[in-house]
Each structure stands twice: as C-alpha cells, then as structure tokens.
Amino acid sequence: MTTRYAALLRGINVSGHKKVPMAELRTLLAELGHSDVRTYLQSGNAVFSSASSDEDALTAQLEQAIEKRFGFAVPCLIRNGPYLASVADACPFPAATLEGKQLHVTYFDRPVDAARFAVIDAVAFRPEEFRIGDRALYLYAPDGLGRSKLAEALHRPSLTMGLTATTRNWNTVAKLVEMTRD
C-alpha cells in the first residue's frame, strides 16, 4: 500500500539562487525509492508515492539527499494527500470566488496557535486578513502577496522562529490536492 505525498521545498530557484532543476528533483525522489514522481512549476513542488507513512522520516531523507546532491540545505515539508485536501476544505475564505493570487496558505512543520501571531494588529492591515488552521496559515491578500504588508508582518523572523514554513498560492494549493488524490 502506498500513499501520495507532496514535497514542498522552501526557497529554491529564486533569483538564480539554490537552483534545483525539477528533472533532477524527480530523479532524486525516484532514487530514494519513490514512485509516480511528478513536479509542478519550478518553485519546489513534487508529488510522489511511497510505502512509508512517516512524513518526518521522508522529510529528513529528502533534505539530506538534496544537501548531498546540490551542496546546500533546503528546508522541506512533506504532506500526504488527505492532509492537503483537509487544509483546502477548511479554508475560511471564499476560495471559489477569489483569484489564486489573492489567497495563500503557509504550511508549517508543526501546529501553531493564534497566540504566536497575537502581536499582529489585524485591523491595521484590512482588507487583508489571516486565519490559523491545522499546521497552516491562510492569508487573504486582495492585491497579491508581493504587495501584501500583512504577509511581510506575518513572516517576521520573531514570529516564525523555530518553524519551517513555506507558502503557496491557492492555484498551487488546489493543484497539489488534485495531484495527490489516491
């Protein structure tokens, strides 16, 4: 029995830094014993099947393999298809009526609570909004992530210290759910 997973790599292929060609990532995942490997976009999204049910072990294995192959560390998160679908289903914003660039999910390596982000004056950033979910943060940014002052505030090192976090726009969230369906 195998499980479909998405590997979310953080901070690769941005402005020519930490280059990880998707073809090489697919090869690397296959060499690690995974099957049905596919990638999505150039920004570090891979989907694969594995007999393992241990997301933490899969993550550590991939991070070590990337560092060995490419010579630099890349934080990764690996999540199974049902988890990704549950995050999409739990979205507190009207995803179906928004453009993909207006809605984002930041995935975390572990649960976070609202107290971590209590220093954010949510009213000051309106109409932008955020909500906490299951190892995820939902961000509504009507003008997109690049112009979002709230995104900048939410990702301050003082708030994300000790967390591995990576953000995807809603189009990517939906595509990864589709690609990881069993």
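Residues numbered from 1 in each chain as written. Predicted model: local features only at pLDDT ≥ 70, side-chain atom pairs only at ≥ 80, totals over all residues. Heavy atoms only, no water.

Draft legend 1. Molecular detail of the sheet that holds strand S4 (residues 76-80). Strand order in the open sheet made by the four strands is S2-S3-S1-S4, with antiparallel pairing throughout. Of all strands in the sheet, those with a lone pairing partner are strand S2 (35-40) and S4, marking the two edges. Averaged over all neighbouring strand pairs, the angle between strand axes comes to 20°, with direction disregarded. Here strand S1 (residues 3-9) pairs with S4 via five bridges, running antiparallel. By the bridge assignment, Ala 6 is partnered in S4 with Arg 79. The sheet strands contacting helix H2 (residues 55-70) are S1, strand S3 (45-50) and S4, and the helix crosses S4 at an angle near 145°. Its contacts with the sheet put helix H6 (residues 170-179) on S1, S2 and S3, and the angle it makes with S2 is roughly 165°. (Pairing = 2+ DSSP bridges. Helix = DSSP H or I, 4+ residues; strand = E, 2+ residues; numbered from the N terminus. Axes fitted to C-alpha atoms, helices over the stretch in contact; angles between N-to-C directions. Contact = heavy atoms within 4.5 Å.)

Draft legend 2. Representation of the pattern of salt bridges in the model. Evaluation of the coordinates by the stated rule reveals seven salt bridges. The salt bridge partner of Glu 129 is Arg 131, with a shortest N-O separation of 2.8 Å. Note on Arg 131: relative accessible area 36%, which makes it partly exposed. Overlapping salt bridges, with partners in common, bring together Glu 55, Arg 79, Asp 134 and Arg 135 in one network. (Salt bridge = Lys/Arg side-chain N within 4 Å of Asp/Glu carboxyl O. Buried < 20%, exposed > 50% of the residue type's maximum accessible area, 1.4 Å probe, protein only.)

Draft legend 3. Quick look at helix H1 (residues 22-31). Within H1, burial applies to Met 22, Leu 25, Leu 28 and Leu 29. Burial along H1 is one-sided: seen end-on, the buried residues are contained in an arc of 115°. Where H1 is buried, its residues touch S1, S2, S3 and H2. Once H1 finishes, Gly 33 follows within two positions and takes phi at roughly 100°, a positive value. (Arc of directions from axis to C-beta.)

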